[in-house]
Amino acid sequence: MDLMSSAREECPFHGVVVVGAGLAGLSAASHLAQSCPDLLLLEASERIGGRVHCLEGVLPWPVEAGCSFVHGQGQTLERLLHQTDCRLVEHAWPDRFFLPHQRKLVTAAEKDEELDKVHQLFMDVGGMDYPAVDISARQWLEGQGASPAMLDIAEACYANDFGCSLDQLGLTEMITESRRWDAGDSYFTLDRPMMALAESLAQRLPDSILCRWPLARVDHGPEGALLYGPSGLRIRCRHLILAVPHAILKAGSIHFSPPLPAAKLAAMGRVKVSNAIKVILAFSQPFWPEDFFDVVCPGGFMHEYWVSKPPPSMQPSASQPPPEDHDKSDWFQPPTPSLHQSPSGTSSHRSTAPSSSPPDASASGPHSDYSHQQHEAASLSSPVPSSAVDGGSASGSDWHAASSFGVLAGNEAEATSASEHQNFPAATGPATHCLVGFLAGKRAEEMSGMRGSAIIRAALAQLDQIFATKKQARPASRAYERGHVVDWSREPYARGAYTYPSLGAHVNDRNLLAEPLGQTVFFAGEATHPAINPCIQAAIETVRGAADRQITDNLGAILVAGTSRHEVYGPAA
């Protein structure tokens, strides 16, 4: 008896199941939903969006805790933006550099010999031959005669943007990425939070998204797949699209039977993901130039800062305070007589998980046959990382920091000494201005062990150095109101940032990652993009491609000709 037959009496069936409700999975599901009415989208966490996530409450507008920019333009993304009524806002990047050896803030247009040399080397890399044996970007630059200052520039401007360090960045995939990149050099933000894209796609999937359903195992064969989830719950399907972060597959969090092919496993091992940390800092007033947007900081504590403003579609009043109902335990504020505390360390965000109340037993429709599974899955709590921010156990007031992917510094303020408090004058007004710091790679991996308050102090000291004037030596510290540190390595269903051109990767590895398992299991998401493009448009492109293959090559009569699933696979027992 095959696996579909043996499971028929015990679990519900869906023609297509998509796993992962980031933009990749949401895009694939929305693309297929009309052709496959019983499609199901499974998400491990309690919210949609994946690595698109907005932080509420630190400022009067949602701040991007995850993906912030659209890198270049592409037809697939343009179509989606048109459908969702979103608009792109272009920014100059890099806008400015802070050169520590000169203690000088320069615009990107200003001439600096070492800056120009680094830019030219990276512009020309696509014209190089592939190395016989892969080398790191640092080794390549050193071979080109790069000075220590040039290496610092390359680290902060290029490797950091790729999501890694120079020692992790591989020349082979750098060459491929440069040759295949066709989206242009422009940097954009949306005219609304990035979550608007996820929300718009989710609206096309009424009653088709099931959150809090971490996939643990996939049994697959020519006849379909059997999926194992929380508390022994199971779902069977004819076709499966896996749009989960690469780090999840690489860690073996999902067991496959039969096992994944050796070539695919080897490619997974070679393609890597590092960490990314964001420091979100709220200020009472700006201390940067009026036309300032972004600064790259070679050799700095954080490698980049940019201005976060209310999206044009969400302009708040200048005096509007953060929402009062938000849990402020996420904030690291200047010491005051009392600190906001809460037994919950979570931020507000959209969740499509079913309610905890039992569903109507009389409900009908494509999902009525697993309403009991929905109820059980909704009652499961999300996994909690095993260690607190300071490396100790998750206990007492440190529980907040250990239970969220953000490094929450609010409670840590209590543990600092009185002398440390002197660096932070009491807040005097509402926080209506924001800078976001970004760091990726080895430094971010190391920073993951730091306390959130220490990270924020170091970031403020760095900004004080960058923007100091004769009248104000510490402008950032003076204007600081509150802050939040986002550590993506602590997100249990992401485990880091995004893939990067990896040292030791082979030319064909991304194609191997995308290779399906027969006509049953398909792989999608940014890691599978053949152009080594970790951006949101690449994730969307890969799933749209996977979805099209399902329609044209595999779902055949069901999706194209409209044959019922019962006629093809047999009715459920």
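Per an unreviewed UniProt entry, the protein goes by the name Amine oxidase domain-containing protein and belongs to Apatococcus lobatus. Its UniProt record, at the heading Sequence similarities (unreviewed entry), says of the protein: "Belongs to the flavin monoamine oxidase family."

Engineer: What exactly am I supposed to notice about the overall build of the protein here?
Structural biologist: For the protein, the count of helices and strands is 19 helices and 21 strands. Sorting the 573 residues of the protein into buried and exposed places 57% on the buried side. A sequence separation of at least 24 residues applies to 77% of the contacts in the protein between residues at least 6 apart. As displayed, the protein has an accessible area near 22,900 Å², and 51% of this comes from carbon and sulfur atoms.

Engineer: Would you mind going over the pairing of strand β19 (residues 433–440) with me for this structure?
Structural biologist: Strand residues, when the strand is regular, have side chains that alternate between the two faces of the sheet. Where burial is concerned, most of β19 is hidden: seven out of the eight residues are buried. The sheet contact formed by strand β17 (residues 304–307) and β19 spans four bridges and is antiparallel. Bridging across to β19, Glu304 finds its partner in Phe438.

Engineer: Teacher, can you tell me more about the side chain of Glu304 here?
Structural biologist: Assignment of secondary structure puts Glu304 in strand β17. Here Glu304 occupies a buried position and makes no salt bridge, while the nearest side chain of opposite charge, Lys278, is found at 9.5 Å. With sequence-adjacent residues up to four places away left out, Glu304 is seen in contact with Trp93, Asn160, Asp294, Val295, Val296, Val436, Gly437 and Phe438.

Engineer: I tried to follow the packing of helix α2 (residues 23–32) against helix α8 (residues 195–203) on my own but got confused; where do I start?
Structural biologist: Each pair of packed helices can be summarised by the angle the axes make with each other and by the distance between the axes. The interhelical angle for the contact between α2 and α8, taken along N-to-C directions, is 30°, at an axis separation of 9 Å. Comparing their axes, α8 and α2 come out roughly parallel. Note on packing geometry: the crossing formed by α2 with α8 is left-handed. On α8, the residues that touch Leu23, Leu26, Ser27 and Ser30 of α2 are Leu197, Ala198, Leu201 and Ala202. The residue makeup of the contact of α2 with α8, split by class, is six nonpolar, two polar and no charged.

Engineer: Can you help me understand helix α6 (residues 148–162) in this one?
Structural biologist: Since the α-helix packs 3.6 residues into each turn, any two residues three or four apart lie on the same face. If you check α6, its first and last C-alpha atoms are 20 Å apart, about what 15 residues at 1.5 Å a residue would give, namely 21 Å. At Glu155, α6 shows its maximal bend, which comes to roughly 35°. For α6, the tally of buried residues reaches twelve of 15 residues, placing the bulk of the element in the interior. Within α6, burial applies to Ala149, Met150, Leu151, Ile153, Ala154, Glu155, Ala156, Cys157, Tyr158, Ala159, Asn160 and Phe162.

Engineer: I'm lost on the confidence of the model for the protein in this one. Help?
Structural biologist: Regions with low pLDDT should not have their predicted coordinates read in detail. For the protein, mean pLDDT is 78; residues scoring 70 or higher make up 72% of the total. Segment residues 316–428: pLDDT under 50, and 220 contacts once partners within four positions in sequence are set aside and those in other chains are kept. In the model, residues 560–573 has pLDDT below 50 throughout and makes 22 contacts with residues more than four positions away in sequence or in other chains.

Engineer: How do you make sense of the environment of Pro193 when you look at a structure like this?
Structural biologist: Relative to the helices and strands, Pro193 resides in the loop between β9 (187–190) and α8. In this structure, the C-alpha to C-alpha distance between Pro193 and Cys54, residues 139 residues apart in sequence, is 7.2 Å.

Engineer: Mind showing me how you'd approach the pairing of strand β11 (residues 217–221) here?
Structural biologist: Of all five residues in β11, four are buried; the element is thus mostly enclosed. When β11 meets strand β14 (residues 255–257), the two strands line up parallel, connected through three bridges. Bridged to Arg217 within β14 is His255. Looking at chain direction, β11 and strand β12 (residues 224–228) are connected through five bridges and run antiparallel.

Engineer: Honestly, the nonpolar core in this entry has me stumped. Any pointers?
Structural biologist: Buried together is how nonpolar side chains tend to be arranged in soluble globular proteins. Residues Leu59, Phe122, Trp140, Leu141, Leu169 and Ile280 are the most contacted members of the largest nonpolar core, which totals 52 residues. Of all the secondary-structure elements, those providing two or more residues to this core are β7 (96–99), α4 (113–124), α5 (137–143), α6, α7 (171–180), β15 (276–283) and β19. The greatest single-element share of this core, amounting to nine residues, is contributed by α6. Other than its neighbours up to four places away in sequence, Leu141 contacts Leu121, Phe122, Ala146, Leu151, Ala154 and Leu166. Within the second largest apolar cluster, 40 residues are counted, among which are Leu39, Ala198, Ile209 and Ile536.

Engineer: Before we go on, may I ask you to explain the sheet that holds β9 in this structure?
Structural biologist: To summarise the sheet geometry, strands pair through backbone hydrogen bonds and adopt either a parallel or an antiparallel arrangement. Taken in spatial order, the three strands of this open sheet run β5-β9-β6, and their pairing is antiparallel. Two strands lie at the open edges of the sheet, namely β5 (70–71) and β6 (88–91), each paired on one side alone. Alignment of β5 against β9, held across two bridges, turns out to be antiparallel. By the bridge assignment, His71 is partnered in β9 with Tyr187.

Engineer: Would you mind showing me how to read the pattern of salt bridges here?
Structural biologist: Pairing of side chains with opposite charge becomes possible as their charged atoms draw close. The final tally for this structure, using the stated rule, is twelve salt bridges. Close ionic contact of Lys442 with Asp167 constitutes a salt bridge, the shortest N to O distance being 3.8 Å. Residue Lys442 is found in helix α14 (residues 442–447), and its partner Asp167 is found in the loop between α6 and α7; the two are separated by 275 residues along the sequence. What makes Lys442 partly exposed here is its relative accessible area of 36%. With a closest N to O distance of 2.8 Å, Asp191 and Arg192 form a salt bridge. A residue is classified by how much of its surface remains accessible, and Arg192, at 22% relative accessible area, is partly exposed.

Criteria and cut-off values
- Residues numbered from 1 in each chain as written.
- Predicted model: local features only at pLDDT ≥ 70, side-chain atom pairs only at ≥ 80, totals over all residues.
- Heavy atoms only, no water.
- UniProt positions renumbered as here; feature names shortened; annotations may be inferred.
- Helix = DSSP H or I, 4+ residues; strand = E, 2+ residues; numbered from the N terminus.
- Buried < 20%, exposed > 50% of the residue type's maximum accessible area, 1.4 Å probe, protein only.
- Contact = heavy atoms within 4.5 Å.
- Areas by Shrake-Rupley, 256 points an atom, 1.4 Å probe, with all protein chains shown as cover.
- Pairing = 2+ DSSP bridges.
- Lys, Arg positive; Asp, Glu negative; His and termini not counted.
- Salt bridge = Lys/Arg side-chain N within 4 Å of Asp/Glu carboxyl O.
- Axes fitted to C-alpha atoms, helices over the stretch in contact; angles between N-to-C directions.
- Parallel < 35°, antiparallel > 145°, perpendicular 65-115°, else oblique.
- Left-handed = near helix turned anticlockwise from the far one by under 90°.
- Nonpolar A, V, L, I, M, F, W, Y, C, P; charged D, E, K, R; others polar.
- Expected span 1.5 Å × (residues − 1).
- Bend = angle between axes of the 7 residues up to and from the residue.
- pLDDT = per-residue confidence, 0-100.
- Core = buried A, V, L, I, M, F, W, Y, C linked by side-chain atoms within 4.5 Å.

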